[in-house]
Amino acid sequence: MAVEHPLTQPGEQTRIHNIGYRNYDGPRLGRAYARRSLYSQSLRGAYGLGRSVKSKILPMLLFVVMCVPALIMVAVAVATKAKDLPVDYTRYAVIMQAVIGLYVASQGPQAVSRDLRFKTVPLYFSRPIETADYVRAKYAALASALFILTAAPLIVLYVGALLAKLDFADQSKGFGQGLASVALLSLLFAGIALVISAVTPRRGFGIAAVIAALTISYGAVSTVQAIAFERSSSGAVPWLGLFSPITLIDGVQTAFLGASSAFPGQVGPSSAQGLVYLAVVLALIVGCYGLLMRRYRKAGL
Amino acid sequence: MTVIATESLSKRYPRVTALDRLSVDVGPGVTGLVGANGAGKSTLIKILLGLSPATEGRAHVLGLDVATEGAAIRERVGYMPEHDCLPPDVSATEFVVHMARMSGLPPAAARERTADTLRHVGLYEERYRPIGGYSTGMKQRVKLAQALVHDPQLVFLDEPTNGLDPVGRDDMLGLIRRIHTDFGISVLVTSHLLGELERTCDHVVVVDGGKLLRSSSTTDFTKTTTTLAIEVTDSDEHPDGTSAVREVLHARGIETHDGGGLPGAGHVLLLTAESEDTYDLVRDTVADLGLGLVRMEQRRHHIAEVFTDSDEQRKEAVGHGG
């Protein structure tokens, strides 16, 4: 504590003086502002901004890895004067799902486990924000971070396609469908990752659990789908796709967003089945939000 | 003016009653909330912050109803938790700025207030380093800073001296005193050490088992007799100095007790100081006998003392205190 010393002593001139306590009578912007602040802090944190250099490496690296193939495709398309991009907008995220999975597994626990582990949560709830504000800010931040990660390569593809003078209307439609698809994917993946991470204060467990949930479900689903297809019971293939996050997105975009399915034999869901897919995706998103609300209701002080 | 007012406030969980019809009024200034672990201190703070509904009864903080105006209360009140709550990988400045914004301060004001507040709690150059490398004392200061950064009208400090060494403890108590005298912020500070609060608080509220035991100003507490511990040397003339002093004091009508079963307490005499004169009497007695006075100190009150006036229990309480 700085103690007020008179300036009479020589050599003391450089001392920083305690100028006394000043009251704050400026504006207090309240709950909505606090929620926005938490959102922007979490979103920046998802790319390591405002955190240590070490924590910037992985998210930035994954972002680059996500964009490089798009750049190469664009370069090839421009150079060879191709009539179409080598990959559909909607297909890109499905191909790059491992990168997306890694990203969400590393940043999901970062977003919530830290607050739980270091018991920072009570500090948030001793301020004007409520449980719902915290959950919404964190959910929105991770979903936005994922959207940035998945939409950036689509923008690269789109800009490249326009530079290659491909058909504007065609490309714009595909780009729009791609954006809608990755928006849905971002919400779904963010929800799943946050629910899993919010269970454990240990970041390592969170990362492992999220990766496991995404890859094991996908591995199991695609294996069983392949077997079903080989056994020529391809009617079961679309129904099996309901059981892993990425195949859910694949199904929705095949049914509604003009994508070609990545399922074995390209047996995508029909429109009716597509509605089931969409319902399941929306139910999962709402369910994740509900579970997070339940998780934090008791996390008060 | 009343800062905190509760009216038969109760909080019952399925198996425990954390607060039992607690009615207490707290005015401006520094107020100590004393109670053993599990006495209901943290539950009370939780209710006062509007985070946990009371089972019955009502409470007002700064004139706002905790049941309906929780957000408004939390905007005007600061809270320093008992437990660790700081992420180790960010600097104190970054962390406190973030917390200031969470309290609704605009970005520029948040930065300015953070610099001010950290300086007031005594963190200087180290505030740019990650919190992970801080000592316990520095961490406590950061915790205090985040509770003060939005210039609240009232702060709740939950066990702020926990884990501090004696010097850090004194610093923290001095700082708490300044929060009221210099900053003009009312303080509710919890502790399980009454002696510690006596030096800092204007008013002390004692709770036990969720019930109010006592609420009075600190001067009332100090009016009650204090226990004095003395220890003397032996000399050639008096091979057992302790018993020599005891005999003389007995002759002067002062009851003494042994120091209890504590290690090294064999040479400690405990006596009740009725007034200032007792101190003089002890000093003179020891001097007359030609002995050295190794120590003469006030024993800190133990929480149990407050609600037991029987001498027997006091002796026991004193044995555990200090």
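Residues numbered from 1 in each chain as written. Chains lettered and ligands numbered in written order. Predicted model: local features only at pLDDT ≥ 70, side-chain atom pairs only at ≥ 80, totals over all residues.

Peer 1: How should the overall build of chain B be read in this particular structure?
Peer 2: If you tally the helices and strands in chain B, you get 12 helices and 14 strands. For chain B, restricting intrachain contacts to residue pairs at least 6 apart in sequence, the fraction spanning at least 24 positions comes to 67%. (Helix = DSSP H or I, 4+ residues; strand = E, 2+ residues; numbered from the N terminus. Contact = placed C-beta atoms within 7 Å.)

Peer 1: I tried to follow the overall build of chain A on my own but got confused; where do I start?
Peer 2: Secondary structure summary: chain A contains 11 helices and zero strands in total. The linear arrangement of helices and strands in chain A, starting from the amino end, is α-α-α-α-α-α-α-α-α-α-α. Compactness check: chain A gives a C-alpha radius of gyration of 24 Å against a globular reference of 19 Å for 301 residues, more than 25% above the reference. Expressed as lengths along the three principal axes of its C-alpha atoms, the size of chain A is roughly 95 × 50 × 35 Å. A total of 301 residues make up chain A; the buried ones form 44% of that total. Nonlocal contacts in chain A, meaning residues at least 24 apart in sequence, comprise 73% of its contacts between residues at least 6 apart. (Rg over C-alpha atoms; globule rule 2.2 N^0.38 Å. Buried ≥ 20, exposed ≤ 12 C-beta atoms within 10 Å, placed from the backbone.)

Peer 1: What is the right way to read the sheet that holds strand E9 (residues 203–208) of chain B from this model?
Peer 2: What holds strands together in a sheet is hydrogen bonding between their backbones, with the strands either parallel or antiparallel. Residue and element names in this part refer to chain B. Spatial ordering of the open sheet is given by E6-E7-E8-E3-E9-E10, a layout of six strands whose pairing is mixed. For this open sheet the edge positions go to strand E6 (77–80) and strand E10 (211–217), each flanked by a neighbour on one side alone. Pairwise comparison of adjacent strand axes, ignoring direction, gives a mean angle of 15 degrees for this sheet. Inspection of the sheet shows E9 paired to E10 by six bridges, in the antiparallel sense. Paired with His 203 across the strands is Ser 217, a residue of E10. Where helix H1 (residues 41–48) meets the sheet, its contacts fall on strand E3 (30–34), strand E7 (154–158), strand E8 (186–191) and E9, and the angle it forms with E7 comes to roughly 150 degrees. In the packing of helix H5 (residues 136–148) onto the sheet, the strands contacted are E6 and E7, and the crossing angle to E6 comes to about 165 degrees. (Pairing = 2+ DSSP bridges. Axes fitted to C-alpha atoms, helices over the stretch in contact; angles between N-to-C directions.)

Peer 1: Even after reading the chapter, I still don't get the interface of chain A and chain B, so can you show me in this structure?
Peer 2: By a widespread convention, an interface's size corresponds to the accessible area lost as its parts come together. Across the contact, 34 residues belong to chain A and 37 residues belong to chain B. Listed by contribution, the elements that provide at least two residues to the side of chain A that touches chain B are helix H1 (30–46) and helix H5 (121–125) of chain A. Of all the elements, H1(A) adds the most residues to the side of chain A that touches chain B, at seven residues. In terms of residue class, the side of chain A that touches chain B is made up of 17 nonpolar, 10 polar and seven charged. (Nonpolar A, V, L, I, M, F, W, Y, C, P; charged D, E, K, R; others polar.)

Peer 1: Help me understand the confidence of the model for chain A, please; the structure alone is not making it clear to me.
Peer 2: Interpreting fine coordinate detail is not advised for predicted regions of low pLDDT. In the predicted model, chain A carries a mean pLDDT of 89, and the fraction of residues at 70 or more is 93%. Below pLDDT 50 for its whole length, residues 1–12 of chain A participates in 13 contacts with residues either more than four positions away or in separate chains. (pLDDT = per-residue confidence, 0-100.)

Peer 1: Please clarify how the pairing of E7(B) should be interpreted in this entry.
Peer 2: Working note: regular strand, side chains alternate between the two faces of the sheet. Residue and element names in this part refer to chain B. Burial of E7 is extensive: five of the five residues sit out of reach of the surface. Side-chain alternation along E7 places Leu 154, Phe 156 and Asp 158 on one buried face and Val 155 and Leu 157 on a second face that is also buried. Inspection of the sheet shows E6 paired to E7 by four bridges, in the parallel sense. By the bridge assignment for E7, Val 77 is matched with Leu 154. In this sheet, E8 lies alongside E7 in parallel orientation, the contact comprising five bridges. Looking at E8, one finds that Leu 157 is bridged to Val 189. In this fold, the crossover linking E7 to E8 by way of helix H6 (residues 166–181) has right-handed handedness. (Right-handed = clockwise from strand over helix to strand, strands pointing away.)

Peer 1: Just checking my understanding: could you explain the sheet that holds strand E4 (residues 56–61) of chain B for this structure?
Peer 2: All names here are of chain B. The antiparallel open sheet is built from four strands, whose spatial order is E2-E1-E4-E5. This sheet does not close on itself; its edge strands, each paired only once, are strand E2 (17–26) and strand E5 (64–65). Direction of pairing for strand E1 (residues 4–12) relative to E2: antiparallel, over a ladder of six bridges. Opposite Arg 12, over in E2, you have Thr 17 as the bridge partner.

Peer 1: I keep staring at the packing of helix H9 (residues 241–251) of chain B against helix H10 (residues 276–289) of chain B and nothing clicks. Help me out?
Peer 2: Describing two packed helices takes the angle between their axes plus the distance from one axis to the other. Residues and elements named next belong to chain B. At their nearest, the axes of H9 and H10 sit 10 Å apart, and the two run at 125 degrees to each other. Comparing the axis directions of H9 and H10 gives the class oblique. Crossing handedness for the pair H9 and H10: right-handed. Where H9 abuts H10, its residues Ala 244, Val 245, Val 248 and Leu 249 lie against Thr 285, Val 286 and Leu 289. (Parallel < 35°, antiparallel > 145°, perpendicular 65-115°, else oblique. Left-handed = near helix turned anticlockwise from the far one by under 90°.)

Peer 1: Can you walk me through the nonpolar core in this structure?
Peer 2: If you look at the biggest cluster of nonpolar residues, it comprises 149 residues, and the most contacted ones within it are Leu142(A), Leu157(A), Ala190(A), Ala193(A), Leu194(A), Val96(B) and Val155(B). Among the elements that make up this core, the one with the highest residue count is helix H6 (residues 131–163) of chain A (15 residues). In this structure, Ala193(A) is in contact with Val104(A), Ala105(A), Gly108(A), Leu142(A) and Val210(A), ignoring residues within four places of it in sequence. Membership of the second largest hydrophobic core comes to 11 residues, among which are Leu228(B), Leu249(B), Val268(B) and Val286(B). (Core = buried A, V, L, I, M, F, W, Y, C linked by C-beta atoms within 7 Å.)

Peer 1: Hey, could you run me through the environment of Arg214(B) in this one?
Peer 2: By the secondary structure assignment, Arg214(B) is in strand E10. Taking the C-alpha atoms as reference, Arg214(B) lies 12 Å from Val26(B); in sequence the two are 188 residues apart.

Peer 1: Could you clarify how one ought to interpret helix H3 (residues 92–102) of chain B in this entry?
Peer 2: Side chains of residues three or four places apart in an α-helix project in the same direction, reflecting 3.6 residues per turn. Burial analysis of H3(B) places nine of its 11 residues in the buried class, which makes it a mostly covered element. Here H3(B) has its buried residues at Ala92(B), Phe95(B), Val96(B), Val97(B), His98(B), Met99(B), Ala100(B), Arg101(B) and Met102(B). On its buried face, H3(B) is in contact with H1 and H5 of chain A together with helix H4 (107–120) and H5 of chain B. Residue Gly104(B) follows H3(B) closely and has a positive phi angle near 100 degrees.

Peer 1: Could you clarify how one ought to interpret the confidence of the model for chain B in this entry?
Peer 2: Residue and element names in this part refer to chain B. For chain B, mean pLDDT is 84; residues scoring 70 or higher make up 88% of the total. Residue range residues 308–322 is modelled with pLDDT below 50. Its contacts to residues more than four positions away, or to other chains, number 22 contacts. In the predicted complex, the global pTM is 0.82; the interface-specific ipTM is 0.85.

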